[in-house]
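Here is how the chains run, residue by residue.
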Amino acid sequence: MAGTQLGALAPHRGITDDDIAAAFPPNGTTPDDDVRLALMKQLQSHYTAYLAGAEGFQLVPRLNADPRIVRLEDEWLRWEDAQVDAGQLPSTAAEFTDWFLDVRNRHVQPGFSRYLAEEATIEEIALFFLAEELVDSRFDDLVALVQIGATPTSKLTMAENYWDEMGEGQLERMHTRLFEHSARYMRHRLAERKIDISKLQCTEIYENANIVLMYGIHRHLAPRALGAMGLMEYSAPPRFQAMVDGCERLGVPADVVLYQRIHVHVDADHGAEWLDNVLVPLVRRSPEAMREVAMGILTRERIANAYYRRIWGHMREQR
Ligand SMILES: [Fe+2]
Ligand SMILES: [Fe+2]
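(A) Structural detail: unusual backbone geometry. The phi dihedral of Gln-109 is positive, around 55 degrees, even though this residue is not glycine. Taking relative accessible area as the criterion, Gln-109 reaches 13% and is therefore assigned buried. Phi is positive for Glu-168, close to 50 degrees, though the residue is something other than glycine. In this structure, Glu-168 sits in the loop between helix H10 (152-165) and helix H11 (175-192).

(B) Structural view of helix H13 (residues 222-249). Here H13 spans 40 Å end to end across 28 residues, near enough to the 40 Å set by a 1.5 Å rise per residue. At Ala-236, H13 shows its strongest bend, of approximately 45 degrees, with the proline Pro-237 following within four residues. A large share of H13 lies buried, amounting to 23 of its 28 residues. Gly-251, located one to two residues past H13, shows a positive phi value of around 75 degrees.

(C) A look at the confidence of the model for the protein. When pLDDT is averaged along the protein, the result is 93, and 96% of the positions lie at 70 or above. The low-confidence segment residues 1-12 (pLDDT under 50) makes 27 contacts with residues lying over four places distant or belonging to another chain.

(D) Geometry of the coordination of the iron ion (ligand 2). Taken together, Glu-233 (OE), Glu-233 (OE), Asp-267 (OD) and His-270 (ND1) make up the full set of protein donors to the iron ion (ligand 2), lying 2.0 to 2.7 Å away. Viewed at the metal, the 4 donor atoms of the iron ion (ligand 2) are separated by angles of 51 to 119 degrees, and the geometry they form is irregular. Mapped onto the polypeptide sequence, the residues donating to the iron ion (ligand 2) form the spacing pattern E-x33-D-x2-H. A residue is classified by how much of its surface remains accessible, and Asp-267, at 3% relative accessible area, is buried.

(E) Seen up close, the coordination of the iron ion (ligand 1). Protein-derived ligands of the iron ion (ligand 1) are Glu-165 (OE), His-175 (ND1) and His-263 (NE2), with the metal-ligand distances lying across 2.1 to 2.2 Å. Mapped onto the sequence, the donors of the iron ion (ligand 1) take the spacing E-x9-H-x87-H. In this model, the iron ion (ligand 1) sits 4.1 Å from the iron ion (ligand 2). Of this pair, Glu-165 sits in helix H10 while His-175 sits in helix H11, and the two are 10 residues apart along the sequence. The residues Glu-165 and His-175 share a single accessibility class, namely buried.

(F) Quick peek at the packing of aromatic side chains. A full pass over the atoms with the stated rule returns 13 aromatic pairs. The lysine or arginine in question, Arg-316, covers the ring of Tyr-115, its NZ or CZ lying 6.0 Å from the ring centre. One Lys or Arg, Arg-316, reaches over the ring of Trp-312 and ends 4.1 Å from the middle of that ring.

(G) Structural detail: the nonpolar core. Within the largest apolar cluster, 104 residues are counted, with the highest numbers of intra-cluster contacts made by Phe-24, Phe-96, Phe-100, Phe-128, Met-186, Leu-279 and Met-315. Beyond its immediate sequence surroundings of up to four residues, Phe-24 is in contact with Arg-36, Leu-39, Met-40, Leu-72, Glu-75, Trp-76, Arg-78 and Trp-79.

Rules used in this analysis
Residues numbered from 1 in each chain as written. Chains lettered and ligands numbered in written order. Predicted model: local features only at pLDDT ≥ 70, side-chain atom pairs only at ≥ 80, totals over all residues. Heavy atoms only, no water. Buried < 20%, exposed > 50% of the residue type's maximum accessible area, 1.4 Å probe, protein only. Helix = DSSP H or I, 4+ residues; strand = E, 2+ residues; numbered from the N terminus. Expected span 1.5 Å × (residues − 1). Bend = angle between axes of the 7 residues up to and from the residue. pLDDT = per-residue confidence, 0-100. Contact = heavy atoms within 4.5 Å. Donors = N, O, S within 2.8 Å, 3.2 Å for Na, K, Ca; no water. Tetrahedral: all angles 85-135°; square planar, octahedral: opposite > 155°, others 65-115°. Phe/Tyr/Trp six-rings, centres within 6.5 Å; stacked < 30°, edge-to-face > 60°. Lys NZ or Arg CZ within 6 Å of the ring centre and 35° of its normal. Core = buried A, V, L, I, M, F, W, Y, C linked by side-chain atoms within 4.5 Å.

In structure tokens form, the structure reads like this:
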């Protein structure tokens, strides 16, 4: 699995109380980015090991058995919750759809998309593509994780989404395989130009991946996972379209761009169905679940915005 490559580099060292306090300071001071990155790498290794296939059973950690990981997750969640302005949460299920669409509309990154489409070089596009690897190469597993316990209509919607991830039954059209195919091409472009991809070892990229893994793995965070994934799907198509336009401008072969091209339409459908059939029924059933869904959405929005800013900065440094 391509997504394990960055995670495998994580240093294995003890997580101390001092590390946690420095990474997620309780008093509103600026987090220590180096410590936070080291912790995020450990969390990424933990999640990657947890999501291993059956043949890796001897290495799969027991969930919640390591008190240092539990503490790290608790403190990270607390820190993220403190970043959310409670006044921004929807107050009733009736307003949820409009609220969600507002968040979605402000989350489509129009400036970044225009840059991808019109200005980015092939090296910059390749860097962005590889930054996406930590999340996109595991997306089908995330969809699988959130189906557990869903009501029938909601489960069916996710199952359709999952079937799309499976290439509608065709091995060569499985999304993770298409992604890997494109990633190989992009990695070669960077290697040819001797571009250092160690820049991708940054906190924002790991947090962007870890937040949905944490939400997906821990069953009590399921509403957050559903919210965050709904936002991911619904806001992704303009960015995928921009990648298609940028790749066409740069003469990237059609088979390499297929992953992005498929997602322009597929994710627009997934996003709309996820909202109508998964999120709306859930928030109507439970105000407490609505709060969790919305916390997941706003947290994902904050983390993803920081991620796009950082990766865009790295891209422009290539010039
Ligand atoms: Fe997909
Ligand atoms: Fe999708």
